[in-house]
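# Fold and contact review
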Amino acid sequence: MTEITCKLLVIGAGPGGYVCAIRAGQLGLDTVIVESTKLGGSCLNIGCIPSKAMIHVAEEFEKAAHAAAGKTPFGLTASAPKLDLKQAVAWKDGIVQRLNNGVAALLRKSKVKIVHGRARFRDGKTVIVETETGPRTIKAETIVIATGSAPVELPFLPFGGNVISSTGALALTEVPKRLAVVGGGYIGLELGTAFAKLGAKVTVVEAQASILPLYDAELTAPVAKHLAALGVEVLLGAKARGMTPKGNALLIETAGGEEKRIEADKVLVTVGRAPVTNGLGLEELVLDMDGRFIRIGERCETSMRGIHAIGDVTGEPMLAHRAMAQGEMVAEIAAGLPRAWDKRCIPAVCFTDPEIVSVGLSPEEAGKAGLEIKTGKFPFAANGRAMTRHGEQGFVRIVAQAQTQLVLGIQAVGQGVSELSSTFGLAIEMGATLEDIAGTIHAHPTLGEAAQEAALMALGHAIHI
Ligand code: FAD
Ligand code: NAD
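Residues numbered from 1 in each chain as written. Chains lettered and ligands numbered in written order. Predicted model: local features only at pLDDT ≥ 70, side-chain atom pairs only at ≥ 80, totals over all residues. Heavy atoms only, no water.

Along its twelve residues, helix 6 (residues 186–197) runs 17 Å from first to last C-alpha, staying within 8% of the 16 Å computed at 1.5 Å per residue. Counting buried positions over the twelve residues of helix 6 gives ten, a clear majority of the element. Considered for burial, the residues of helix 6 that qualify are Gly188, Leu189, Glu190, Leu191, Gly192, Thr193, Ala194, Phe195, Ala196 and Lys197. Just downstream of helix 6, glycine 199 is the residue with a positive phi angle, here 110°. (Helix = DSSP H or I, 4+ residues; strand = E, 2+ residues; numbered from the N terminus. Expected span 1.5 Å × (residues − 1). Buried < 20%, exposed > 50% of the residue type's maximum accessible area, 1.4 Å probe, protein only.)

See the structure below:
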């Protein structure tokens, strides 16, 4: 059995793991990364990137369909669009392939050694990797667990046949006529919306009393309204119970306790993601856990010296950019730099239609934290750029500390607002006050002007409303 010794070993090459390995390589650490499937992890192969590619296809299809139906207010007409979903999936797979190659090239550039295979701990300093050519032993001073997450499977709706996970949904080569979605969270609504635009009759079954329970009602209301306009039926407070014996309908219990049958060609189950720790040999270690997730401190350290954990395997928020930021930090810690988690916020973006962005504290969260706040909310209906894009729904909302004017949070819902998340995050990270945002010249006409106006409104002197 060949043995490798290194300074840093990263298990899992998702956004957390590969960023960690690249940064460690840049810092001159002798680094090895182990990946059992494809470089890029869930995000690049079956998550963020492929889902956004398919959402784009659906948006383009919808635009063409609107033109064909004479529904544009500016007189654009077209003939009815046709989509070859196989070609769309091949296009999406091509993007994924290019990014896979890109990650491999970046790792090589940083002189990171890539080992393909499944890693299993033998002890706190040693991992055995099952590779195609047999087991390899890797000994490392520091080990980073970045094994990510996988879809939660409901025991009464196991994946297989017509019951699919997000991975299955992103590989469909035909649009299902009727799609039932169990779980009205991020994935269910992003993909449910896309399939509705592509012509599927979509029904969403959500156990809670609202869709996207992570966001407040003000932010989700425009999304709920647009889902209704798309013909998506949303059943709240409803629980999936299983499939009919023929596998052609989903059985649910409605909020009122009645049994209902939802005819469906495919049932997409998106009820959250669970950490991937099976077969990792955690029983050989003494790690404190948070339920099924690995417990970490502010340096992503676990309860065992020399073992860090980053990304989805450490729990919510399960977002690629959080995993990347943790990965970068841990690499710098391994190189002896003085680092700890000092971020003020982790932006959250939901790529529904309209999109939702939340950065920092919402008014409710600030209130719960006992903070005295002032807020400003500026509607896109009064924003020239939104009007010229025919996307007047939604708003930007700003939350600031009443006495100091320090911006605590910025949220938005509207078409294209995902691209505003970075400036919102920057403002909070830099400790901006309302005056800072109000006093920054925002280019005209842009959606970003709504943030400036929201700040002005919180200060009591908005101009355009
Ligand atoms: P992962 O990306 O899951 O990577 C873990 C890697 O570890 C995998 O490649 C796995 O094969 C490997 N691995 C596991 N066990 C072993 C082992 N024993 N040995 C070797 N290798 C192993 N997040 C966003 O921020 N924005 C989005 O728009 C977004 N969209 C999403 C859409 C979908 C459909 C899904 C499913 C997820 C989405 N996410 C999104 C979430 C995002 O994908 C995750 O937060 C992110 O991938 C987590 O990164 P990670 O590095 O922790 O783990
Ligand atoms: P989620 O936690 O966003 O939503 C799951 C939903 O399923 C919740 O609303 C929950 O109430 C509901 N639910 C749970 N059990 C149910 C049941 N038995 N019947 C009906 N409803 C039920 O989870 P997800 O959509 O699977 O996404 C997983 C993770 O992936 C998210 O936590 C998120 O961090 C990440 N993600 C992020 C993005 C993004 O950043 N844009 C996109 C997709 C996924």
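The rest of the description comes next.
What follows is about the pattern of salt bridges. Scanning the entire structure with this criterion turns up 19 salt bridges. Put simply, arginine 120 and glutamate 283 hold a salt bridge, and the shortest N to O gap is 2.8 Å. Taken together, the positions of arginine 120 in strand 4 (residues 118–123) and glutamate 283 in the loop between strand 16 (273–275) and strand 17 (289–290) put the pair 163 residues apart, joining distant regions of the chain. Overall, arginine 120 belongs to the partly exposed group, its relative accessible area being 34%. (Salt bridge = Lys/Arg side-chain N within 4 Å of Asp/Glu carboxyl O.)

The next point concerns the UniProt feature "domain: Pyridine nucleotide-disulphide oxidoreductase dimerisation" (unreviewed entry) in the protein. According to UniProt, the positions carrying the feature "domain: Pyridine nucleotide-disulphide oxidoreductase dimerisation" (unreviewed entry) are residues 346–455. As a span, residues 346–455 carries 29% helix and 28% strand, and end to end its C-alpha atoms are 21 Å apart. (UniProt positions renumbered as here; feature names shortened; annotations may be inferred.)

What follows covers the domain arrangement of the protein. By domain assignment, the protein separates into domain 1 (2–46 + 89–151 + 274–334), domain 2 (163–270) and domain 3 (348–456). Taken over C-alpha atoms, the centre of domain 2 sits 29 Å from the centre of domain 3. Taken together, the contacts link 14 residues of domain 2 with 18 residues of domain 3. Carbon and sulfur atoms make up 63% of the area that domain 2 and domain 3 hide from each other, which totals about 1,400 Å². Residues glutamate 218 and arginine 397 are paired through a salt bridge, measuring 2.6 Å at the closest nitrogen-oxygen approach. Summed over the shared surface of domain 2 and domain 3, the result is six residue pairs in polar contact (both at pLDDT 80 or more). (Domains from an automatic or database assignment. Contact = heavy atoms within 4.5 Å. Buried area = accessible area lost by both parts, 1.4 Å probe. Polar contact = N/O pair within 3.5 Å; in protein donor to acceptor, adjacent residues only side chain to side chain.)

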